[in-house]
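Structural overview for review
Residues per chain, in single letters:
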Amino acid sequence: MALFNLFQRVSQAPTNPHPAPVARKFDVADLYRGPIAGAEETAGANDPPLDEKLRQAYFWIVNTAIISPHYDIEYHDGPSQSFTLGDRKSRLVLPSGQSYSSYVMLPLLTFATRSKCLFIGGPGRGKTASALLMGILGGYSVSEVRRAMQHGHPQMTIADLLGNPLPADLVNAQRMEDIRISWRRWLSMRVKIIDEYNRIPTRTQSALLTVMGDNYAEILDHVFECPDSAWFLTANDDQGGGTYQVIEALRDRIDVVVQALAFNPRFLGDLLTRIEENLRPEQMVPRQIVFTEAEGDRMQQEIRAVSMPEEVRRRIEFFASQFEFCELGGAQFEYKTKDTARLAGMEWHNVTAQDTGRDRLKDLGCQTKNGLSVRALMTLMLYAKAIAYFRGNRVVELADVRQILPFVLHDKLPTDPDAPFFEAPGNAAYRTDRIGWLRKVLDLACAEFDRLDRDRDDPVARMFQELKHGLDGVTEAETRSRLVRIERLIADWAKGGKLYGHLYDDLLALKYMHQRYTNYLRWLKTQ
Amino acid sequence: MISETLATVLRSGRADFNARYEVARQRYPVLEAAAFGRFLEESVDPLAQGTARLARDLVPDVVAAAYDVGLDLVGQRLLGHEERERQIEATWRS
């Protein structure tokens, strides 16, 4: 019993001591606080803030439940020591800041943001166990979570997944509306687990896609609206292998991919204790780290309220602009994209063979076969906020983006393994180390951003800022002046010769602003 | 301090009202918290109380609509101390 209590212990000291965050500048509550302040102001006054609760959950899981002595999400609070080992000069870093295991952190952030997380890795590495823990954190019992877990198999039908019409109603009903559906319980849960999703038949995957993508299930014209939930899926092979090919739209709905890291045998003693004491982590989750539905709702709002400074956002913009441009993709400027070439069925090696003139080693866009979707970018920003929130911050840092980006873009930005970048000395490992490669690409993009001095010298950003102030009161003369400035800037760039991804996006942005001013000028003339 | 009528509406929709303010702040970089707070106290509160006397169930909708209009007015600096702005305030109150 003493050992059981030991396993249930939750850290009482602050898990990440921080100065108190700066209060929001505007809050309607400031208008009514005082004698009329309502119950919501005093309820839970002794409960820890939700970010602290999330950290307590993290440390309980990593110290007690899942043996993951990895710190692959590295933060540095000052200089860090690093060592070079082996013939291949492998680098081991000892981070100077509080660092984390992705295998525990990413599922927790997924739980907090109610997003979708895919666990990949070989069998027996704790994928399903991790997903089970997330269900328990959501307030469900072990048996509830186990019974609601959907296990993919080749004979899984839509009825197995979603539910059945009541047989008596099927026989007796004169209209579709009279048929009642017995919906599966898991559809109403706020933590949904799909085990081995790549073993679900294609037809059933389509039904799953509707639930994952649009949050509703449909049978015989009857619709079940699902609540916002966190999704945890597992697969043995993230390449879409298993028994069935995973449909692309379903793969795209997944927000983050986290790999089960190898078990370190030095921690075998912990496993032995579990065997000897018959301890199961999912049965020992302390009540203090279980979240109610209301806490989950509030935590989501607090995460969304974390601010992203302009200097961080612009670096993400610059990074994202590297990849979509493909000069040979089309004749019309807007269609010069990799997506245009892909939709036309063009073979990738034909595209790259004809692409001459640019520095294919320096150009980051040459390393990938596609660009970034809106969905991927929104997920990136949401998770960046979530990890900042987890660390007790109310402002996203570039380090947060750097740590979370590889897991969000893990299968959203496939590499071109034949790109010259991977042939360069020291870069071969990036062909297989997707996480390391994505961080490297972000670092290179940020270095280029700094080299171009974009924080100070960004004419497009200045013009956008000007446009954001609105067009009210802008005179015809001023509008014409702005149009001329846009045209001059484009003419200057036209002298440069080579087109790269960030330049392409900036040119389209300038065209957008030019069109806005042109339309406004036409309207002014009618006044 | 505002009346209990307005306080009830703001309290029940606090997160939503704060979120609307943040969205407006992105659109109107010059939106001032103090000016908007004054607008709520001096213009929306009397409106809420007047609505409550006539049709209490309409108070939340009226407050929500006035809140959004106020964000646009204050965000564009149409309410404040200049003569034109005083006229708008007077029109609002009447």
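Quick caveat: nothing in here was measured; it's all calculated off a predicted structure. (Residues numbered from 1 in each chain as written. Chains lettered and ligands numbered in written order. Predicted model: local features only at pLDDT ≥ 70, side-chain atom pairs only at ≥ 80, totals over all residues. Heavy atoms only, no water.)

**Here we look at the confidence of the model for chain B**
Residue and element names in this part refer to chain B. Averaged over every residue, the pLDDT of chain B is 83; the share at 70 or more is 84%. The least confident element of chain B is helix α5 (residues 83-93), whose mean pLDDT is 63; the most confident is helix α4 (residues 59-75), at 91. Interface predicted TM-score (ipTM) for the complex: 0.86; the corresponding pTM is 0.79. (pLDDT = per-residue confidence, 0-100. Helix = DSSP H or I, 4+ residues; strand = E, 2+ residues; numbered from the N terminus.)

**Observations concerning the nonpolar core**
If you look at the biggest cluster of nonpolar residues, it comprises 118 residues, and the most contacted ones within it are Tyr197(A), Phe232(A) and Phe319(A). For this core, the element with the highest residue contribution is helix α17 (residues 374-390) of chain A, accounting for 10 residues. Viewed by domain, this core spans two of them, domain 1 (102-302) and domain 2 (310-451) of chain A, each represented by three or more residues. Ranked by size, the runner-up nonpolar core spans 31 residues in total, among them Phe26(A), Tyr32(A), Ala7(B) and Val74(B). (Core = buried A, V, L, I, M, F, W, Y, C linked by side-chain atoms within 4.5 Å. Buried < 20%, exposed > 50% of the residue type's maximum accessible area, 1.4 Å probe, protein only. Domains from an automatic or database assignment.)

**Details of the interface of chain B and chain A**
Contact residues are listed per partner, giving 21 residues for chain B and 18 residues for chain A. Where chain B abuts chain A, roughly 1600 Å² becomes buried across the two surfaces, and 61% of that area is made up of carbon and sulfur atoms. Run the count over chain B and chain A and you get one salt bridge. Measuring nitrogen to oxygen at the nearest pair gives 2.6 Å for the salt bridge that ties Arg14(B) to Asp27(A). The interface formed by chain B and chain A includes three residue pairs in polar contact (both at pLDDT 80 or more). Contributing elements (two or more residues each) for the side of chain B that touches chain A: α1 (4-12), α2 (14-27) and α3 (33-54) of chain B. Here the side of chain B that touches chain A takes seven residues from α2(B), the largest share from any one element. The residue makeup of the side of chain B that touches chain A, split by class, is 12 nonpolar, three polar and six charged. (Contact = heavy atoms within 4.5 Å. Buried area = accessible area lost by both parts, 1.4 Å probe. Salt bridge = Lys/Arg side-chain N within 4 Å of Asp/Glu carboxyl O. Polar contact = N/O pair within 3.5 Å; in protein donor to acceptor, adjacent residues only side chain to side chain. Nonpolar A, V, L, I, M, F, W, Y, C, P; charged D, E, K, R; others polar.)

**Quick look at helix α21 (residues 476-494) of chain A**
One full turn of an α-helix is made of 3.6 residues, so residues set three or four places apart face in the same direction. All names here are of chain A. For α21, which comprises 19 residues, the first-to-last C-alpha distance of 27 Å matches the rise-based estimate of 27 Å (1.5 Å per residue) to within 8%. Thr479, Arg482, Leu483, Ile486 and Leu489 are the residues of α21 that are buried. Projected down its long axis, α21 carries its buried residues within an arc of 125 degrees, all on one side. The exposed residues of α21 that point more than 90 degrees off its buried face are Ala477 and Arg488. The elements touched by buried residues of α21 are α20 (459-468) and α22 (501-525). (Expected span 1.5 Å × (residues − 1). Arc of directions from axis to C-beta.)

**Structural notes on the domain arrangement of chain A**
Residues and elements named next belong to chain A. Taken domain by domain, chain A comprises domain 1 (102-302), domain 2 (310-451) and domain 3 (459-526). One C-alpha centre belongs to domain 1, the other to domain 2; they are set 29 Å apart. Between domain 1 and domain 2, the contact holds 21 residues from the first and 15 residues from the second. Both faces considered, domain 1 and domain 2 share a buried interface measuring about 1700 Å² in area, 58% of it formed by carbon and sulfur atoms. For the pair domain 1 and domain 2, the interface holds two salt bridges.

**Observations regarding the packing of helix α5 (residues 102-113) of chain A against α17(A)**
Residue and element names in this part refer to chain A. Contact geometry for α5 and α17: axes closest at 10 Å, N-to-C directions at 105 degrees. Classed by the angle they form, the pair α5 and α17 counts as roughly perpendicular. On α17, the residues touching Met105, Leu106, Leu108, Leu109, Thr110 and Thr113 of α5 are Leu382, Tyr383, Ala386, Ile387 and Phe390. The class makeup of the residues in the contact of α5 with α17 is nine nonpolar, two polar and no charged. (Axes fitted to C-alpha atoms, helices over the stretch in contact; angles between N-to-C directions. Parallel < 35°, antiparallel > 145°, perpendicular 65-115°, else oblique.)

**Let's talk about α2(B)**
Residue and element names in this part refer to chain B. When the terminal C-alpha atoms of α2 are compared, their 20 Å separation across 14 residues agrees well with the 20 Å that a helix rising 1.5 Å per residue should span. All buried positions along α2 are accounted for by Phe17, Asn18, Tyr21 and Ala24. Buried positions in α2, seen along its axis, are confined to an arc of 120 degrees and lie on one side of it. For α2, the exposed residues set more than 90 degrees away from the buried face come down to Val23 and Gln26.

**A closer look at the packing of aromatic side chains**
How two aromatic rings sit relative to each other is given by the distance of their centres and the angle of their planes. Here the structure, examined in full by the defined rule, presents 25 aromatic pairs over all chains. Relative to Tyr67(B), the ring of Phe17(B) lies with its centre 4.7 Å away and its plane at 50 degrees, an arrangement referred to as tilted. Separated by 50 residues along the polypeptide, Phe17(B) in helix α2 and Tyr67(B) in helix α4 bring together distant segments of the chain. Neither residue differs from the other here; Phe17(B) and Tyr67(B) are each classed as buried. Their ring planes at 40 degrees and their centres at 5.8 Å tell us that Tyr21(B) and Phe36(B) sit as a pair that is tilted. Remark: Phe36(B) occurs in helix α3 and Tyr21(B) occurs in helix α2; sequence separation between them is 15 residues. Its relative accessible area of 0% is what places Phe36(B) among the buried residues. Directly above the ring of Phe291(A) sits Lys53(A), whose terminal nitrogen or CZ lies 4.9 Å from the centroid. Above the face of the Tyr32(A) ring, Arg11(B) is positioned so that its terminal group lies 5.0 Å from the ring centre. (Phe/Tyr/Trp six-rings, centres within 6.5 Å; stacked < 30°, edge-to-face > 60°. Lys NZ or Arg CZ within 6 Å of the ring centre and 35° of its normal.)

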